[in-house]
Amino acid sequence: MEKMSFIMIVLFLFVGIAHFVSLKVIDFSVEKKNRLRRIFFYFYGMIYVVFGVIQLVYTENQVNSSSLQIIIGVVFIVLNYLKKLDPKE
């Protein structure tokens, strides 16, 4: 029960911090928002690739799901590099 409470508190803190940061980002200029969005998608793609590789190394029976996760991460990185994830303004 204590472990579940700790996880819940950590999750609430994470969501609270994310909400606070998102409220601060509202006041940024469009250029800064686009720059932060690009950084986020690079980070997002890298996390997908890293967790896919970790799953591929440590679990032998999940080759399909980990390969799909790696492919999705690489797609996010490539689309972000080609500026296809930028909003049309």
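Bear in mind the structure is a predicted one, so any value in this text is a computation, not a measurement.

J.: Quick question: what am I supposed to make of the overall build of the chain here?
T.: Within the chain, the secondary structure is distributed over 3 helices and 0 strands. Moving toward the C terminus, one meets the helices and strands of the chain in the order α-α-α. For 89 residues, the compact-globule estimate of 2.2 N^0.38 gives 12 Å, and the chain exceeds it by more than 25% at 17 Å. Counting the 89 residues in the chain, one finds 11% classified as buried. Taking as baseline every contact in the chain between residues at least 6 positions apart, the subset at least 24 positions apart corresponds to 57%. On the chain, roughly 7,500 Å² of surface is accessible, and the fraction owed to carbon and sulfur atoms is 73%. Across the chain, the centroid of the 10 positively charged side chains sits 7 Å from that of the 6 negatively charged ones.

J.: How should I be thinking about the packing of aromatic side chains in this particular structure?
T.: The description of two aromatic rings rests on the distance between their centres and on the angle between their planes. Within the structure shown, the criterion is met by 7 aromatic pairs. Judged by centre distance (5.6 Å) and plane angle (25 degrees), the rings of Phe40 and Tyr44 are stacked. Note that Phe40 and Tyr44 are positioned in helix α2 (residues 30-58) at a spacing of 4 residues, about one turn of the helix. Residues Phe41 and Phe76 carry aromatic rings whose centres are separated by 5.8 Å and whose planes lie at 10 degrees to one another, so their mutual orientation is stacked. Taken as a pair, Phe41 in helix α2 and Phe76 in helix α3 (residues 63-81) lie far apart in primary sequence, 35 residues in all. Look at Phe41 and you get buried, because its relative accessible area is 18%.

J.: Before we go on, may I ask you to explain unusual backbone geometry in this structure?
T.: Negative phi values dominate among residues other than glycine, just as trans dominates among peptide bonds. Look at Lys83: it is not a glycine, yet its phi comes out positive at around 60 degrees. Structurally, the position occupied by Lys83 is in the segment after α3.

J.: Looking at this structure, how should I read α2?
T.: The periodicity of an α-helix, 3.6 residues per turn, causes residues three or four positions apart to be oriented the same way. Its 29 residues give α2 an end-to-end C-alpha distance of 42 Å, which sits within 8% of 42 Å, the value for a rise of 1.5 Å per residue. Along α2, the residues that are buried comprise Arg38, Phe41, Gly45, Val49 and Gly52. Packing partners of the buried residues in α2 comprise α3.

J.: In this structure, what is going on with a nonpolar patch on the surface? I would like to understand it.
T.: Taken together, the side chains of Phe43, Met46, Ile47, Val50, Phe51, Val53, Ile54, Val57 and Tyr58 make up a nonpolar region of the molecular surface, amounting to roughly 870 Å² of accessible area. Turning to its location among the elements, Phe51 is positioned in helix α2.

J.: Whenever I open this one, the side chain of Ser66 confuses me. Can you help?
T.: Along the chain, the position of Ser66 falls in helix α3. Accessibility expressed as a relative area gives 0% for Ser66, which makes it buried. Here Ser66 is in contact with Gly52, Gln55 and Leu56, once residues within four sequence places are set aside.

Basis of the calculations
Residues numbered from 1 in each chain as written. Predicted model: local features only at pLDDT ≥ 70, side-chain atom pairs only at ≥ 80, totals over all residues. Heavy atoms only, no water. Helix = DSSP H or I, 4+ residues; strand = E, 2+ residues; numbered from the N terminus. Rg over C-alpha atoms; globule rule 2.2 N^0.38 Å. Buried < 20%, exposed > 50% of the residue type's maximum accessible area, 1.4 Å probe, protein only. Contact = heavy atoms within 4.5 Å. Areas by Shrake-Rupley, 256 points an atom, 1.4 Å probe, with all protein chains shown as cover. Lys, Arg positive; Asp, Glu negative; His and termini not counted. Charge placed at Lys NZ, Arg CZ, Asp CG, Glu CD. Phe/Tyr/Trp six-rings, centres within 6.5 Å; stacked < 30°, edge-to-face > 60°. Expected span 1.5 Å × (residues − 1). Patch = residues over 30% accessible without salt bridge, like charges linked within 9 Å, V, L, I, M, F, W, Y side chains within 5 Å. Salt bridge = Lys/Arg side-chain N within 4 Å of Asp/Glu carboxyl O.

Purely spatial values, then, with no claim about function.
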